[in-house]
Amino acid sequence: MELPRLENVDLAGKRVFLRVDFNVPIENGKVTDKTRIEKTLPTIELLLKKGARVIIASHLGRPKGQVNPEFSMAPVVEVFKGLVKANVLFSKNVIGDDVVQMSKELKEGEILVIENVRFHKEEEENEPGFSKKLAALADVYVNDAFGAAHRAHASTEGIAHLLPAYAGLLMHKEIVELSALLSRPARPFVAIIGGSKVSSKIKVLTNLFDKVNHLLIGGGMAYTFLKSRAVPVGNSLVEKEFEVQAFQLIEKAGVAGVDLQLPVDHIIADSFSDKAKTKSVDKMGILEGWMGMDIGSKTVANYEKIIKNAGTIFWNGPMGVFEMDKFANGTMAIAKAIAKSKAKTVVGGGDSIAAINKAGVADKITHISTGGGASLEFMEGRKLPGVEALKKKEVE
Ligand code: AMP
């Protein structure tokens, strides 16, 4: 079922509760990356153009259901004010008579940002009374918080049942781009999956299995796969309890005709540190006392060749311990290869996006997903509560 869209709805004079994901990084009270705010601007501009009175809500960090100034939306509001051409007000309260009053006094084209919804424990509990209090702030609900769509919270799920509800432009784009990957990818479809653990990626690997042509594995998780094939991996990161599943995936790949690739060479280190002694090893196995920290040059060349011929690429997870410069080459090479390819390219997950940004190639990627956990759950084939709630036919 299609998501209810905003474009053709008359919102003149209506109060719109807009749930966004303004969960931006903050250091010493200052926003250090405003990407998430910028991504929602098209929806906000559309609402203002339609003459709506906009009430914006977001979570920020993990205040654990308590008021905590460390997680106040105040610094976010300061940055936001510089990005929109509208009068922006801020309410220190999330719910209550005074916020309702403020929402009613808003003029057309004005914006009211409310405080962090997670200052109330009822938000994460999806408590119906709390949803009702949020709904009292508006006539219409719009969800643009794709990054929080995998959570069934009051401001992402509960409220959608109480007001006419629509998907924001960003939410819509995310769902369209990710759905296209799963339903009609141009072939060959190449998935590149890395990161530290098999356990956190096993579901996405399993779901992608009958959809992709090539599965390129990197990062710490590669060593559980190698170990399951009796390849010596020294002190590399291994999840013993996932060896059997890793082995079974390799077997299944053979049967299904999926080209599952593992690293054939490595950059190894004698400890998990940027001061470690390092070596480049031109073989699959790793000696005792050493650990695999990045994919080697032969593996990079193999993966580059497959990426070059791809029709569709999905990337999630770094190829090595890329936070340490010594072990970042594999991840950076993959980022650049993806950017160079003519394929439709989709990148999800904070680390892969950081690598794309560091390589300066963000503008060469078809779609950079704003939701780490949400995009992974979507690619696992799971239903996202925040999206499902928008699909209901009428206000319940
Ligand atoms: P994830 O959150 O599961 O995507 O994992 C990301 C983390 O995996 C990053 O912090 C990397 O440093 C880490 N990682 C990547 N490659 C390795 C490796 N070979 N050994 C240990 N950790 C790794």
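If you're wondering where the values come from, they're calculated on a predicted model, not measured in any experiment.

**Some details on the overall build of the chain**
Across its full length, the chain carries 14 helices and 17 strands. Taking 2.2 N^0.38 as the reference for a compact globule, 396 residues should give roughly 21 Å; the C-alpha atoms of the chain span a radius of gyration of 23 Å, in line with that estimate. A total of 396 residues make up the chain; the buried ones form 57% of that total. Long-range pairs, those at least 24 residues apart, make up 73% of the contacts in the chain with a sequence separation of at least 6. Carbon and sulfur atoms make up 51% of the accessible area of the chain, which totals about 17400 Å².

**Some details on the UniProt feature "binding site: ATP" (unreviewed entry) in the chain**
Cross-referencing UniProt, the feature "binding site: ATP" (unreviewed entry) maps to Lys201, Gly292, Glu323, Gly349, Gly350, Asp351 and Ser352 in the present numbering. If you take the residues mentioned a moment ago, the ones lining the largest pocket come down to Gly349 and Gly350. Position of glycine 292 among the secondary structure elements: in strand 14 (residues 291–295). If we skip the residues at most four places from it in the chain, glycine 292 touches Tyr223, Ser236, Ile267, Ile268 and Ile286. As for its position among the elements, serine 352 is in helix 12 (residues 350–358).

**Structural notes on the pairing of strand 1 (residues 15–19)**
Of all five residues in strand 1, five are buried; the element is thus mostly enclosed. Bridge count for strand 1 against strand 4 (residues 53–57) is five bridges, and the pairing is parallel. When the bridges of strand 4 are listed, leucine 18 appears paired with isoleucine 56. Bridge count between strand 1 and strand 7 (residues 140–143): four bridges; the pairing is parallel. Residue pairing in the sheet places leucine 18 in a bridge with valine 142 of strand 7.

**A short note on helix 2 (residues 74–81)**
Listed as buried for helix 2 are Val76, Val77 and Phe80. For helix 2, the angular spread of the buried residues around the axis is 100°, confining them to a single face. Residues of helix 2 that are buried make contact with strand 2 (26–27), strand 3 (30–31), helix 1 (35–49), strand 4, strand 5 (88–91) and strand 6 (111–114).

**Re the packing of helix 6 (residues 169–183) against helix 13 (residues 372–379)**
In the contact formed by helix 6 and helix 13, the axes pass within 10 Å of each other and the chain directions differ by 35°. Helix 13 is crossed by helix 6, and the crossing has right-handed handedness. Together, Ile175, Leu178, Ser179, Leu181 and Leu182 of helix 6 and Ser375, Phe378 and Met379 of helix 13 make up the contact between the two elements. Residues of the contact of helix 6 with helix 13, tallied by class, amount to six nonpolar, two polar and no charged.

**So, the pattern of salt bridges**
Applying the stated rule across the entire model yields 16 salt bridges. One salt bridge connects lysine 121 with glutamate 122, and the closest N-O pair in it is separated by 3.7 Å. With a relative accessible area of 23%, glutamate 122 lands in the partly exposed category. Three or more residues joined by partner-sharing salt bridges are found here, namely Glu377, Glu380 and Arg382.

**Overview of unusual backbone geometry**
Of note, the bond from arginine 187 into proline 188 is cis; its omega dihedral lies within 30 degrees of zero at 0°. As for its position among the elements, proline 188 is in the loop between helix 6 and strand 9 (189–193). Even without a glycine there, the phi angle at lysine 64 is positive, about 60°. By the element assignment, lysine 64 lies in the loop between strand 4 and helix 2. Even without being glycine, asparagine 126 reaches a positive phi, approximately 55°. On the secondary structure map, asparagine 126 appears in the loop between helix 4 (121–125) and helix 5 (128–135).

The rules behind the values
- Residues numbered from 1 in each chain as written.
- Predicted model: local features only at pLDDT ≥ 70, side-chain atom pairs only at ≥ 80, totals over all residues.
- Heavy atoms only, no water.
- Helix = DSSP H or I, 4+ residues; strand = E, 2+ residues; numbered from the N terminus.
- Rg over C-alpha atoms; globule rule 2.2 N^0.38 Å.
- Buried < 20%, exposed > 50% of the residue type's maximum accessible area, 1.4 Å probe, protein only.
- Contact = heavy atoms within 4.5 Å.
- Areas by Shrake-Rupley, 256 points an atom, 1.4 Å probe, with all protein chains shown as cover.
- UniProt positions renumbered as here; feature names shortened; annotations may be inferred.
- 1 Å grid on protein atoms, 1.4 Å probe; cavity = no way out; pocket = protein on both sides within 12 Å on 5 of 7 lines; lining within 4 Å.
- Pairing = 2+ DSSP bridges.
- Arc of directions from axis to C-beta.
- Axes fitted to C-alpha atoms, helices over the stretch in contact; angles between N-to-C directions.
- Left-handed = near helix turned anticlockwise from the far one by under 90°.
- Nonpolar A, V, L, I, M, F, W, Y, C, P; charged D, E, K, R; others polar.
- Salt bridge = Lys/Arg side-chain N within 4 Å of Asp/Glu carboxyl O.

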